[in-house]
Amino acid sequence: MPPEAAEPPRGRTRRPVLAHVVGQNIGLILAVAILSASIVIFAAMFVVQQDRLPGSFEITSTVNNTMPLALAAIGQTIVVLTRGIDLSVGGVIDLTNALAAIFLTGGVWHMAVVSVLIVLAGGVAGLINGLIVGFGRLQPIVVTLATLSILQGLAIRVLPTPGGSIPAGYTAFLVNTNAPTALCFLALAALGWMGFRRSRLGVDVFAIGNDEQAAIALGVKALRTKIIAYTIGGMLYAVAGLFLAASATGGDATTGDDYTLTSIVAVVLGGVNLFGGRGSAVGAICGAFITTMIVNILFFAHINPLYQSFYEGLFLVIAVVFGALIGRLVRGGR
Amino acid sequence: MSEAPVAPAEAAGVVGVRVVSKAFGGVHALRGASFAACAGEVHGLVGENGAGKSTLIKLLGGRLPPDTGSVMLDERAVRLSGTADAARHGIGTVFQELTLLPWMSVAENLLIGREPRSAIGLIRRGALAREAEAVLAGLGIHHIDPRALAAEVSLAERQIIEIARVIIRRPRILLLDEPTSSLAEREVEWLFARIRELRDQGTSIVFTSHRWNEITAIADRITIFRNGQEVGTFTTIDEAKAITLMTGRRVDALYPSLPPVPDGAPAALALAHGSLDGRTEFAFSLAAGEILGIGGLAGQGHRELFLGLFGAPALRRGRISVGGKPVRIANPADAIRAGFGIALVPEDRKTEGLLLSLPVRDNLSLPLLRRISRLGVIRGGAEMRMSREMISGLGIRTPTPMQPVGALSGGNQQKVLVGRWLLAESRILLLYDVTRGVDVATKHEICELMVRLAGEGKAILFYSSDTEELAHLCHRVLVLRGGRIAAELNRPELTAESIVAAAMRDAA
Amino acid sequence: MKRLSLSPDALRVLAAYGAAVLLFVIGAFVHPGFASFGSITSILLVATFVGLVAAGQCFVVLVGGIDLSVPWVLNAAAILLATSSLGQDSRAAYAVVLTLGMGLVAGFANGVGVVWLGVPAVVMTLAMNGIIEGLALGLTGGMTCGACASYAPPVIAASVHDVWLGVPAALWLWLVVILIVSFVLGLTRFGRITYAIGNNPRAAYLAGINVSLTTVCLYGLSGLFSALAGILLVGFGGQASLGMGTPYLFQSIAAVVIGGVSILGGRGNYLGAAAGAVSLTALVSVLLALNMPDYGRSIIYGVVILALLLLYGRDQRE
């Protein structure tokens, strides 16, 4: 830390509490704002073209389509907060999706037990990532790239061709096609996040993302925290894999591949800092919904769907650049 | 009160070290040092930069393990596995480099690990700020907003938060390494009041500072360190004696004699209407063959001035001329090309100067690649020859020019950085604390080199945290205080004492 | 520290070559004829495409960046070459220049985003991948355009397949690229600056180096090499197809990492990355010779990379 010129004390002039809340959550606020704007734009286009407001069907399908990404993004957020990155997301989703297609059968209890085991399998994948990153002191990006390949291979081994079938009851429970009940799971996830944020573990995750050496000097067990973060991430991707299986009512060992990159996009749009220590899973959930809304908007704008990724990519860059700019303005150049 | 050394073991030591050694990559920070502090005392630890004070504090605070010897706690050897382990033993440390988490709030930083919790064990974030506010108020701090991010508060406030964080954990042993380096007078008084309270409650406090008046104001006993070893422990000692002990009875002859600046030497570098803060202005000029010292306490704008003259980033305001011609310096590349060529040896050689895993050769040739390349291809023979010349010319101790520079000792690394600019034929050298963390022998070599270079007509702007060195090596010294030139000291009255006096005039 | 006559970096490169040789030996045992000259050249020919992409990736990784836009820059290059040349030799030169220019521009845009707009490299190159994908799909109507079915001009096909001195032309080309890239990285000012930036950007800046411009150029080079690989792949396979770039992201990063280039930048060289490309391709071929199914290859891929990472040792920066 270079010495800087001593500044005079700023006296008792304090910014109001609200100013702090805004300044410190600017990423989240921007994510919510972009999401709101995209919903408004979408609704407006919908009204113009369909002469009615988007109804239960539109909301339900949007929510159900976004659930896997939202869950994956929460997991990615926790890893990114530790100043890591997880590219194995797609592999975990592939594998758990395939496992679900094979083993989810029978009665309620059987399905419940299988679901828990599948989530644990995701946790084991995350644990392995965490152990290698932590003990090997290797760069997360290459470690998780390697485990991505392994998990993709395992997934195809489990389910060589798309297939299997998910019992209708399971689908109805996770992704009710008649009402956006999946929002309850999201609310649960957000609640879980708020608990995490207020737990010792949450503080440790943020601390090592802020400054690992300082955190260690403050008594944070950096190694353990990292391992747990990757493990939680893996479990959340597994839940995403279950949702994906439920909404597709079947399994596909490659269906998760896209989620590696889209989860990073969602995290970035959600205002989570890729260099760790700053961000919120609620923002990442918003980020996931923004990506879905953009697809919806492009559809209603009659944009040739072939150009979809062009607009998504452009939007991502613009959002990141302007997000950084606005963040700097709000913080007053500090 | 006597000036005779007090045996460290006179009172039962609460915390200390016994014949510890610690080396970093071949440089010995501590060599067989012993030290003990008692309950209910403030123990001042003084010594020059590199004397081993910070390393000692790190050993006591559990941040580093000793290579040999042991850390003593209540007269027993202990093995501290980390700062958390030290905290369990009741040791609280404010390290020199601050450990605040920048993107977390003041309250979160202050109360980390002891946040107010609800019945189910979750942190009550609303109560967090209120409790932090109350805790700070209890320590007499009212001006720091607990809801602000640590990155948003001033350096002094950060230092206060760091101190408060340790104090509220009620350690029975409190280690403070340069806690006042960025504090103003009022804030130092605040700190001393807290220290006295704690001492009276029986806390053992170890305190280091570069400001002698602070040491005498607060310390019950003083231990002087030199070259990684304790020299003695005193209850009172006057400054002159202490300085002699700290510097090791260093006589003037240890410094090379300085040839006078030739009469009518042209100005090599001049700054007019310079300003670091955008408010106060100053000007100076540096002649060819002159060593101009920049003195003053840490954090008074030295770093900004040196970087500013080098365009990294440019000064807030100021007109720079080189060899009498105005130049525009927006980035280091401009500075290197400007007129006679400006060179900077930056403060932290590891993070700002060297490419640690690249060979000595690459580090030496970096700024002159353009000159020794033909059509973009480096002339390897010329590069190797120039590197060898510089290595032998400066006595850089390395087995081959291809040795990674990170494997050299600190002093030799510093010589590589100086050598780089000599190869680039820069004639204006900005040397920022080049002798810091360098062993005595190499330090001496670097001093001789500077004098030789000045004799060859190079213009040198020199900052050193070692005041003695400034006094002996410089033709003139400008003392910075609060981003302004507070005094200009010329040869006859130029002594370490006069520099210190000018630097401390308002801090004393 | 052990007294070794070779630097750790050199050892890593040797390890990568050792792995390649070992794989060929193993291959010869499990499948007679595996190590025959013809078999080796055909494996090396496949490795060429990975190796070319890895050259660009290597430049970027050396300054601590990463290029995730490889798949679609490569794919778009393949499509652009086919559609602009219409399979005619007379248009081949124009098509090649146009395609390489496209790759260069996409790379420069990545660099501008990373350096001047401050977008993290992962995000910028990921977005660029999407942008190019959208453009490529949209402009060709999802590869339904008339020109999309064009074959590579014969001269380009020949420059891949023609055999000189018993070795396919594309391999000669790769050899030239290896020599040029190694020369640039090892002996030129540009190469030296690249290592300096990767090692310590602040120190490089304070030594008067134009860090921003150099970084932008490096991203540009990555785009250029992806485009070159795209051109040669069309020449190799005859036609452009959708998704042909997808495997090359993973493989280029894997080759660079296996070749001993530090993902944090500043260490490693292209000789290693090229060896990485060869061993990766040889590994696949051995597994194919063993009749290893797809999934097994994928798993072994990952295991080998992890094993090498752990073997190369911990991150020495911290």
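Residues numbered from 1 in each chain as written. Chains lettered and ligands numbered in written order. Predicted model: local features only at pLDDT ≥ 70, side-chain atom pairs only at ≥ 80, totals over all residues. Heavy atoms only, no water.

### Looking at the overall build of chain A
For step 1, the next point in the chain: From N to C terminus, chain A includes 14 helices and zero strands.
For step 2, the next point in the chain: Ordered by position from the N terminus, the helices and strands of chain A form the series α-α-α-α-α-α-α-α-α-α-α-α-α-α.
For step 3, the next point in the chain: Its C-alpha radius of gyration of 21 Å places chain A within 12% of the 20 Å reference for a compact globule of 334 residues.
For step 4, the next point in the chain: Its C-alpha atoms give chain A principal-axis dimensions of about 70 × 55 × 35 Å. (Helix = DSSP H or I, 4+ residues; strand = E, 2+ residues; numbered from the N terminus. Rg over C-alpha atoms; globule rule 2.2 N^0.38 Å.)

### A look at the pattern of salt bridges
For step 1, the next point in the chain: Scanning all chains against the criterion turns up 30 salt bridges over all chains.
For step 2, the next point in the chain: Salt-bridge contacts for B:R303 lead to B:E352; the nearest nitrogen and oxygen are separated by 2.9 Å. Linking B:R303 in helix 9 (residues 302–309) with B:E352 in helix 11 (residues 349–353), this pair joins segments that are 49 residues apart in sequence. An identical accessibility class is assigned to B:R303 and B:E352; each is buried.
For step 3, the next point in the chain: A network of salt bridges, in which partner residues are shared, links B:R303, B:E347, B:E352 and C:R202. (Salt bridge = Lys/Arg side-chain N within 4 Å of Asp/Glu carboxyl O. Buried < 20%, exposed > 50% of the residue type's maximum accessible area, 1.4 Å probe, protein only.)

### Remarks on the sheet that holds strand 6 (residues 91–94) of chain B
Residues and elements named next belong to chain B.
For step 1, the next point in the chain: The mixed open sheet is built from six strands, whose spatial order is 6-7-8-3-9-10. With one partner strand each, in any of the chains shown, strand 6 and strand 10 (229–234) form the two edges of the open sheet. Neighbour-to-neighbour, the strand axes of this sheet turn through a mean angle of 20°, independent of strand direction.
For step 2, the next point in the chain: Pairing of strand 9 (residues 221–226) with strand 10 involves five bridges; the strand directions are antiparallel. For I224, the partnering residue across the bridge sits in strand 10 and is G232. (Pairing = 2+ DSSP bridges. Axes fitted to C-alpha atoms, helices over the stretch in contact; angles between N-to-C directions.)

### Details of the sheet that holds strand 12 (residues 282–287) of chain B
Residues and elements named next belong to chain B.
For step 1, the next point in the chain: Spatially, 12-11-14-15 is the arrangement adopted by the four strands of the open sheet, whose pairing is antiparallel. If you trace the sheet from one side to the other, it starts and ends with strand 12 and strand 15 (325–327), each paired once. Taking each pair of neighbouring strands and ignoring which way they run, the sheet shows an average axis angle of 20°.

### Thoughts on the nonpolar core
The tendency in soluble globular proteins is for nonpolar side chains to be buried side by side.
For step 1, the next point in the chain: Membership of the largest hydrophobic core comes to 350 residues, with the highest contact counts inside it found for B:L305, B:L309, B:L430, B:F462, C:W174 and C:Y270.
For step 2, the next point in the chain: Residue contributions to this core peak at 14 residues, all from helix 2 (residues 37–62) of chain C.
For step 3, the next point in the chain: With sequence-adjacent residues up to four places away left out, C:Y270 is seen in contact with C:G51, C:L52, C:A54, C:A55, C:C58, C:W174, C:V177, C:I178, C:V181 and C:L185.
For step 4, the next point in the chain: Formed by 23 residues, the second largest nonpolar core is a distinct cluster that contains B:V17, B:L60, B:A86 and B:L175. (Core = buried A, V, L, I, M, F, W, Y, C linked by side-chain atoms within 4.5 Å. Contact = heavy atoms within 4.5 Å.)

### Remarks on unusual backbone geometry
Residues and elements named next belong to chain B.
For step 1, the next point in the chain: The linkage connecting A312 with the following residue, P313, adopts the cis geometry, with an omega of -5°.
For step 2, the next point in the chain: Locating P313 in the fold gives a position in the loop between helix 9 and strand 14 (317–322).
For step 3, the next point in the chain: At V19, a position not held by glycine, the phi torsion is positive, near 30°.
For step 4, the next point in the chain: Non-glycine residue R170 carries a positive phi angle of around 50°.
For step 5, the next point in the chain: Relative to the helices and strands, R170 resides in the loop between helix 5 (155–167) and strand 7 (173–177).
For step 6, the next point in the chain: Classification of R170 by relative accessible area gives exposed; the value is 57%.

### Observations concerning the packing of helix 5 (residues 108–136) of chain A against helix 11 (residues 222–248) of chain A
In a pair of packed helices, the angle between the axes and the distance between the axes together describe the arrangement.
Residues and elements named next belong to chain A.
For step 1, the next point in the chain: Contact pair helix 5 / helix 11: the axes reach a minimum separation of 6 Å and the direction vectors enclose 145°. Note on packing geometry: the crossing formed by helix 5 with helix 11 is right-handed.
For step 2, the next point in the chain: Tallied by class, residues from the contact of helix 5 with helix 11 come to 13 nonpolar, nine polar and no charged. (Left-handed = near helix turned anticlockwise from the far one by under 90°. Nonpolar A, V, L, I, M, F, W, Y, C, P; charged D, E, K, R; others polar.)

### Some thoughts on the domain arrangement of chain B
For step 1, the next point in the chain: Domain boundaries assigned for chain B yield domain 1 (13–247), domain 2 (268–341 + 426–508) and domain 3 (354–425).
For step 2, the next point in the chain: With centres defined by C-alpha atoms, the gap from domain 1 of chain B to domain 2 of chain B works out at 32 Å. (Domains from an automatic or database assignment.)

### With respect to the interface of chain A and chain B
For step 1, the next point in the chain: Taken together, the contact pairs 36 residues of chain A with 40 residues of chain B.
For step 2, the next point in the chain: Regarding the contact of chain A and chain B, the summed buried area is about 3,700 Å², with carbon and sulfur atoms giving 57% of it.
For step 3, the next point in the chain: Taken as a group, A:R14, A:R198 and A:L218 account for 18% of the area that chain A buries against chain B, more than any other trio of residues on that side.
For step 4, the next point in the chain: Our count for the contact surface shared by chain A and chain B stands at one salt bridge.
For step 5, the next point in the chain: Residues A:R197 and B:E108 are paired through a salt bridge, measuring 3.6 Å at the closest nitrogen-oxygen approach.
For step 6, the next point in the chain: Along the contact surface separating chain A from chain B lie six residue pairs in polar contact (both at pLDDT 80 or more).
For step 7, the next point in the chain: Only helix 1 (17–24), helix 8 (182–197), helix 9 (200–210) and helix 10 (212–217) of chain A provide two or more residues apiece to the side of chain A that touches chain B. (Buried area = accessible area lost by both parts, 1.4 Å probe. Polar contact = N/O pair within 3.5 Å; in protein donor to acceptor, adjacent residues only side chain to side chain.)

### Let's talk about the interface of chain C and chain B
For step 1, the next point in the chain: Taken together, the contacts link 20 residues of chain C with 34 residues of chain B.
For step 2, the next point in the chain: Of the roughly 1,900 Å² buried where chain C meets chain B, counting both sides, 58% is carbon and sulfur surface.
For step 3, the next point in the chain: For chain C, the biggest contributors to the area lost against chain B are C:R189, C:R192 and C:L206; these three give 37% of the whole.
For step 4, the next point in the chain: At the boundary of chain C and chain B, one finds three salt bridges.
For step 5, the next point in the chain: Note that C:R192 and B:E383 form a salt bridge whose closest N and O atoms lie 2.5 Å from each other.
For step 6, the next point in the chain: Between chain C and chain B we count 10 residue pairs in polar contact (both at pLDDT 80 or more) in total.
For step 7, the next point in the chain: At the level of elements, helix 7 (169–187), helix 8 (189–199) and helix 9 (201–206) of chain C are the ones that each hand at least two residues to the side of chain C that touches chain B.
For step 8, the next point in the chain: Counting residues per element, the side of chain C that touches chain B draws most heavily on helix 8 of chain C, at six residues.
For step 9, the next point in the chain: Here the residues of the side of chain C that touches chain B sort into 11 nonpolar, five polar and four charged.

### A closer look at the environment of A:T147
Residue and element names in this part refer to chain A.
For step 1, the next point in the chain: Topologically, T147 is positioned in helix 6 (residues 140–158).
For step 2, the next point in the chain: When the C-alpha positions of T147 and M293 are compared, they lie 31 Å apart, and in sequence the two are 146 residues distant.
For step 3, the next point in the chain: Looking at T147, its side chain comes within polar contact range of the main-chain oxygen of T144, at 3.1 Å.

### So, helix 9 of chain A
An α-helix turns once per 3.6 residues; consequently, residues spaced three or four apart project the same way.
For step 1, the next point in the chain: By the criterion of burial, helix 9 of chain A is predominantly enclosed, with nine of the 11 residues buried.
For step 2, the next point in the chain: Within the span of helix 9 of chain A, buried status applies to A:G202, A:V203, A:D204, A:V205, A:F206, A:A207, A:I208, A:G209 and A:N210.

### Here we look at the confidence of the model for chain A
For step 1, the next point in the chain: With 95% of its residues at a pLDDT of 70 or more, chain A shows a mean pLDDT of 89.
For step 2, the next point in the chain: Across residues 1–12 of chain A, where pLDDT falls below 50, the model places 26 contacts with residues more than four positions away in sequence or in other chains. (pLDDT = per-residue confidence, 0-100.)

### Here we look at a nonpolar patch on the surface
Residues and elements named next belong to chain A.
For step 1, the next point in the chain: Judged by side-chain polarity, V17, L18, V21, V22, I29, L314, I318, F322, L325, I326 and V330 come together as a nonpolar surface patch covering roughly 860 Å² of accessible area.
For step 2, the next point in the chain: When contributions to the nonpolar patch are tallied by element, the ones reaching two or more residues are helix 1 and helix 14 (308–330).
For step 3, the next point in the chain: Here the element with the most residues in the nonpolar patch is helix 14; it accounts for six residues.
For step 4, the next point in the chain: Note on placement: V17 falls in helix 1.
For step 5, the next point in the chain: What makes V17 partly exposed here is its relative accessible area of 43%. (Patch = residues over 30% accessible without salt bridge, like charges linked within 9 Å, V, L, I, M, F, W, Y side chains within 5 Å. Areas by Shrake-Rupley, 256 points an atom, 1.4 Å probe, with all protein chains shown as cover.)

### Overview of the state of the cysteines
For step 1, the next point in the chain: Tallied over the full model, the rule gives zero disulfides over all chains.
For step 2, the next point in the chain: Here A:C286 is not disulfide-linked; the sulfur of A:C184 is the nearest cysteine sulfur, at 17 Å. (Disulfide = S-S within 2.5 Å.)

### Focus: the side chain of C:T125
All names here are of chain C.
For step 1, the next point in the chain: Within the fold, T125 resides in helix 5 (residues 121–139).
For step 2, the next point in the chain: Here L68 takes part through its backbone nitrogen, which lies 3.0 Å from a polar atom of the side chain of T125.
For step 3, the next point in the chain: With near-sequence residues (within four places) excluded, T125 lies in contact with I66, D67, L68, S69, N110 and Y219.

### What about the packing of aromatic side chains?
For step 1, the next point in the chain: Per the counting criterion, the structure on display carries 17 aromatic pairs over all chains.
For step 2, the next point in the chain: Ring geometry for A:F185 versus A:F243: centroids 5.4 Å apart, planes at 75°, classification edge-to-face. With A:F185 in helix 8 and A:F243 in helix 11, this pair connects stretches of sequence that are 58 residues apart.
For step 3, the next point in the chain: Each member of the aromatic cluster is reached from another via a ring pair, and the members are A:F42, A:F46, A:F299 and A:F300.
For step 4, the next point in the chain: Looking at A:R197, its charged tip hangs above the ring of A:F206, at a distance of 4.0 Å from the centre.
For step 5, the next point in the chain: Cation over ring: B:R63 sits above B:F95, and NZ or CZ is 4.6 Å from the ring centre. (Phe/Tyr/Trp six-rings, centres within 6.5 Å; stacked < 30°, edge-to-face > 60°. Lys NZ or Arg CZ within 6 Å of the ring centre and 35° of its normal.)

### Looking at the side chain of B:E108
For step 1, the next point in the chain: Within the element layout of this structure, B:E108 appears in helix 3 (residues 106–110).
For step 2, the next point in the chain: Taking the relative accessible area as the measure of exposure, B:E108 reaches 10% and is therefore buried.

### Focus on the pairing of strand 6 of chain B
Residues and elements named next belong to chain B.
For step 1, the next point in the chain: Judged by which residues are buried, strand 6 turns out to be covered on both faces: I91 and T93 on one side and G92 and V94 on the other are all buried.
For step 2, the next point in the chain: Bridge count between strand 6 and strand 7: four bridges; the pairing is parallel. Of the residues in strand 7, the one forming a bridge with G92 is L174.

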